Amino acid sequence: MAAPEAWRARSCWFCEVAAATTMEATSREAAPAKSSASGPSAPPALFELCGRAVSAHMGVLESGVWALPGPILQSILPLLNIYYLERIEETALKKGLSTQAIWRRLWDELMKTRPSSLESVTCWRAKFMEAFFSHVLRGTIDVSSDKRLCDQRFSPLLHSSRHVRQLTICNMLQGATELVAEPNRRVLETLASSLHTLKFRHLLFSDVAAQQSLRQLLHQLIHHGAVSQVSLYSWPVPESALFILILTMSAGFWQPGPGSLPCRLCGEASRGRAPSRDEGSLLLGSRRPRRDAAERCAAALMATRRKSEVKQVPRAVPTTRVTRRSTQESLAVGGTDSKRELNPPATSYEASGTKQPSSGPAATSSASSSTSSKRAPASSASQPKPLKRFKRAAGKKGGRTRQGSGAESEDLYDFVFIVAGEKEDGEEMEIGEVACGALDGSDPSCLGLPALETSQRFRSISTLELFTVPLSTEAALTLCHLLSSWVSLESLTLSYNGLGSNIFRLLDSLRALSGQAGCRLRALHLSDLFSPLPILELTRAIVRALPLLRVLSIRVDHPSQRDNPAVPENAGAPSHIIGDEEIPENCLEQLEMGFPRGAQPAPLLCSVLKASGSLQQLSLDSATFASPQDFGLVLQTLKEYNLSLKRLSFHDMNLADCQSEVLFLLQNLTLQEITFSFCRLFEKRPAQFLPEMVAAMKGNSTLKGLRLPGNRLGNAGLLALADVFSEDSSSSLCQLDISSNCIKPDGLLEFAKRLERWGRGAFGHLRLFQNWLDQDAVTAREAIRRLRATCHVVSDSWDSSQAFADYVSTM
């Protein structure tokens, strides 16, 4: 009897609150109702009035609300603000109640954005709170504008921080200063344990204060937190100091900025501690002086740039952006050692104990004389120079420079068009020449950069992604040096970074990393517009450098400018990068290649496939071979050497003349999924080829998925394909993709009737995107209704008038 009595007591308490609330509400609404010209409106329901009162006094009634029976609690949940709705989640689940619909409605009403169709939202509460945190941090939402967001008893940032798994920092590092401020100390501590992914998008120039805040933020989130992935997106003109700061902090190196307070999380014992012998050797390499070649390179770059600025304009207005001092500190932490990369050290390292040499003017002068920079000056010779990215037009030496960082970051015209101007002026070539001079062994004391040995090493991330971030020579050197000892890195993505000849340094650093004990790099994604190496040569070099790699995705959009590119002098001998020797056995399981236009040498691809005995998935995009025989050679190699291959994909390849090779593939009894995407399969001899293809598929009992998008199958081809599911077929096909195949509603309806006639039952998924189903909507709906009794249909509402050219070609 205890449970019914408790329920009765809670219900009585609820009724008392309801009665008191009703009397109060009635007295408040009586006066306005009398004076209303249109007459009194219908009074709110008793339960709704009670729920509003309970929601307004949750600070006192919260524990009582938690103990309410499920049916009553379910009606109160939509009336709570987001803070109490989040707090009551666990109790609601115990009572069998779900708040997902409430959070979804809050998302639609407050965020007013529709999630991507590719995104599968498993928890609307977490998604809402994460987006709410970002909006409050950036100041793009006013919590006082909606009573569901406003509650003086809660801090919006603190309350939502534990749901944040991914944080994006944009533009001029907005939010970094707020997060490291003392009032938000608990917020940052919560983020350190909840945040896993940190993203940077569309970064602009930042001042020293913002960079110092970012330094503290990264230190706590990465070194003392749980962040495992850092991604950078769309940074057309990377600021060297800021970029190197993000890289070095992500790699686990920490050096407090000037005047910064000691980190309370590091502990008294670690403050001021010099790195251990292993840390120093990882930073500097074997038998290296404290000032390594990469530091000399970075110093020479900065010295040359600033000396040229002094020559161009003796005096200019100082700005508050990145100063020389902050740039030197960032470069010191992330300096690179290209010599060590080109000649990978042995597994045992030896820390050097030589004293750091002081900066010498002679070294600066010698480094500066190798080239003249064309960047605009930012300050006078006697003042620290900021690392300026915008330049004046050539020939206007007497022009005025813009003052401050606000004008530069707000001038979109200059921001877009200066990028091309810098490359047209050949500045990258000049920087490369200076870098080569610094790497050739000039005086190590170019500038007074602090030694890397003064940096401490902490926890580092496991996933690094750089999307559309052009890498200058100094940035590429820094990245390569860090990679050579970044043993915790598991996945690396470099997408459209303009590496150029720096690809050789990258290969050397990856080879050095592979030789490190405990190397965890298992996934590499590399794509760019151009490559100094042909794509197959590059693939062979990567596989040789990283024999333990499991996933390799590589794409080059345009062919190399030279068939046999000469390796730059500062990149070392090419024999260890390109050679005719056999590739050793590797652990590659997934290989994706996007080829530029032009015939590819089949023997080179076959050599990679022969060494990849564990390959399970292969994808070739835009591959072209000299003859069908070369394509047949590749397929024969797959059959003989890649016995574990399960998924094979071809995209944007002309296979109209390779029909016998396609039939050979469909008869392969080890493949489980084959994709022919926009491969022009039925362009020639469709009446003869389709029956042969269907016969091969009917005899294959291992093939589970077939994807044929964009092959102009048409109604006739679809009906021929239906025979694969006939009664005399041994096929076990359960996934079929016939998108973009000029299929009309009447053909789809007949296809559905044939499946019903053969009674095969549900066979899985059928994809119908971008077909001509809008020509007869009634017939299309009937066809899809019949198909859904057999399989799961995925379609869309597509305007077929866009496919007029396709229609004409199939008439």
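All figures in this text were calculated on a predicted structure; none of them were measured in a lab. (Residues numbered from 1 in each chain as written. Predicted model: local features only at pLDDT ≥ 70, side-chain atom pairs only at ≥ 80, totals over all residues. Heavy atoms only, no water.)

Caption draft 1: Fine view of the overall build of the chain. The helix and strand inventory of the chain stands at 32 helices and 19 strands. Considering the chain as a whole, with its 811 residues, one finds that 52% of them fall into the buried category. Considering only residue pairs separated by 6 or more positions, the chain has 85% of its internal contacts joining residues 24 or more positions apart. Summing over all exposed atoms, the chain offers an accessible surface of approximately 35,800 Å²; the carbon and sulfur share of this is 53%. (Helix = DSSP H or I, 4+ residues; strand = E, 2+ residues; numbered from the N terminus. Buried < 20%, exposed > 50% of the residue type's maximum accessible area, 1.4 Å probe, protein only. Contact = heavy atoms within 4.5 Å. Areas by Shrake-Rupley, 256 points an atom, 1.4 Å probe, with all protein chains shown as cover.)

Caption draft 2: A look at the packing of helix α29 (residues 714-721) against helix α30 (residues 745-758). Two elements in contact, α29 and α30, have axes whose closest approach is 9 Å; the angle formed by their N-to-C orientations is 5°. Relative to α30, the element α29 is oriented roughly parallel. Every residue of α30 that contacts α29 at N715, L718 and L719 is listed here: D746, G747, L748, E750, F751 and R754. Residue composition of the contact of α29 with α30, grouped by class: four nonpolar, two polar and three charged. (Axes fitted to C-alpha atoms, helices over the stretch in contact; angles between N-to-C directions. Parallel < 35°, antiparallel > 145°, perpendicular 65-115°, else oblique. Nonpolar A, V, L, I, M, F, W, Y, C, P; charged D, E, K, R; others polar.)

Caption draft 3: Seen up close, the side chain of D151. Along the chain, the position of D151 falls in the loop between α8 (124-138) and α9 (156-161). Beyond its immediate sequence surroundings of up to four residues, D151 is in contact with N81, Y83 and Y84.

Caption draft 4: Geometry of the environment of S731. Considering the arrangement of structural elements, one finds S731 in the loop between α29 and β17 (735-737). Sequence separation between S731 and S701 is 30 residues, and the spatial gap between their C-alpha atoms is 4.7 Å.

Caption draft 5: Representation of the pairing of strand β10 (residues 590-594) in the model. With five bridges joining them, strand β9 (residues 551-556) and β10 adopt parallel strand pairing. Within β10, the position partnered with R555 by the bridge is G594. Across five bridges, the pairing between β10 and strand β12 (residues 617-621) is parallel. Paired with E592 across the strands is S619, a residue of β12. (Pairing = 2+ DSSP bridges.)

Caption draft 6: Local environment of the pattern of salt bridges. As enumerated under the stated definition, the model contains 26 salt bridges in all. The salt bridge partner of R87 is E62, with a shortest N-O separation of 2.8 Å. One end of the pair, R87, is in helix α5 (residues 82-87); the other, E62, is in helix α3 (residues 58-66), with 25 residues separating them in the sequence. Ionic pairing is found between E782 and R786, a salt bridge with its closest N-O pair at 2.9 Å. Residue E782 and its partner R786 are both found in helix α31 (residues 777-787); the two are separated by four residues, about one turn of the helix. Accessibility expressed as a relative area gives 27% for E782, which makes it partly exposed. (Salt bridge = Lys/Arg side-chain N within 4 Å of Asp/Glu carboxyl O.)

Caption draft 7: Quick look at unusual backbone geometry. Although it is not a glycine, F678 sits at a positive phi angle of roughly 55°. Unlike most non-glycine residues, C742 shows phi in positive territory, near 60°. Mapped onto the elements, C742 comes out in the loop between β17 and α30. Given the relative accessible area of 8%, C742 is considered buried.

Caption draft 8: Expanded view of the packing of helix α28 (residues 686-698) against α29. Here α28 crosses α29 at 30°, and the two axes come no closer than 9 Å. Regarding the angle of α28 to α29, the classification is roughly parallel. For the pair α28 and α29, the sense of crossing is right-handed. Residues L690, V694 and M697 of α28 form the contact with α29, whose own contacting residues are G717, A720 and L721. Per-class residue counts for the contact of α28 with α29 are five nonpolar, one polar and no charged. (Left-handed = near helix turned anticlockwise from the far one by under 90°.)

Caption draft 9: Inspection of the pairing of strand β15 (residues 673-677) at higher detail. The buried fraction of β15 is high, at five of five residues. Pairing analysis gives five bridges linking strand β14 (residues 647-651) to β15, with the strands arranged parallel. Paired with L648 across the bridge in β15 is I674. Pairing of β15 with strand β16 (residues 705-707) involves three bridges; the strand directions are parallel. Bridging across to β16, T675 finds its partner in R707. For the handedness criterion, the β-α-β arrangement of β15, α28 and β16 is classed as right-handed. (Right-handed = clockwise from strand over helix to strand, strands pointing away.)

Caption draft 10: Up close: the packing of aromatic side chains. Here the structure, examined in full by the defined rule, presents 11 aromatic pairs. Look at Y83 and F154: their rings are 5.3 Å apart centre to centre, the planes differ by 5°, and that puts the pair in the stacked class. Highlighted residues: Y83 in helix α5 and F154 in the loop between α8 and α9, separated in sequence by 71 residues. By the burial criterion, Y83 is buried, and F154 matches it. Judged by centre distance (5.5 Å) and plane angle (75°), the ring pair of F631 and F650 falls under edge-to-face. Here F631, found in helix α26 (residues 628-641), pairs with F650, found in strand β14; they are 19 residues apart in sequence, far enough to count as distant. The same class applies to F631 and to F650, which are both buried. (Phe/Tyr/Trp six-rings, centres within 6.5 Å; stacked < 30°, edge-to-face > 60°.)

Caption draft 11: Quick look at α26. Between the first and last C-alpha of α26 there are 20 Å, a value that for 14 residues agrees with the 20 Å anticipated at 1.5 Å per step. Of all the residues in α26, the buried ones are F631, V634, L635, T637 and L638. Down the axis, α26 shows its buried residues gathered within 155° of arc, on one side only. Contacts from the buried residues of α26 go to α25 (602-610), β12, β13 (624-625), β14 and α27 (659-666). (Expected span 1.5 Å × (residues − 1). Arc of directions from axis to C-beta.)

Caption draft 12: Looking closely at the confidence of the model for the chain. The share of residues in the chain with pLDDT of 70 or more is 66%, and the mean pLDDT across the chain is 75. Throughout residues 309-452 the model reports pLDDT below 50, and contacts reaching past four residues in sequence, or to other chains, amount to 334 contacts. Here residues 562-574 is a poorly scored stretch, pLDDT under 50, and it has 16 contacts once near neighbours within four places are set aside; other chains count. (pLDDT = per-residue confidence, 0-100.)

Caption draft 13: Representation of the environment of I743. Here I743 lies in the loop between β17 and α30. Residue classification places I743 among the buried positions, given a relative accessible area of 0%. A sequence separation of 28 residues divides I743 from N715, and the C-alpha atoms of the two residues are 5.3 Å apart.

Caption draft 14: The environment of I222, seen in detail. Checked against the element boundaries, I222 lands in helix α12 (residues 208-223). Look at I222 and you get buried, because its relative accessible area is 0%. Separated by 28 residues in sequence, I222 and S250 place their C-alpha atoms 6.9 Å apart. If near-sequence neighbours (up to four positions away) are discounted, I222 is found in contact with V227, V230, M249, S250, R459, S460 and I461.

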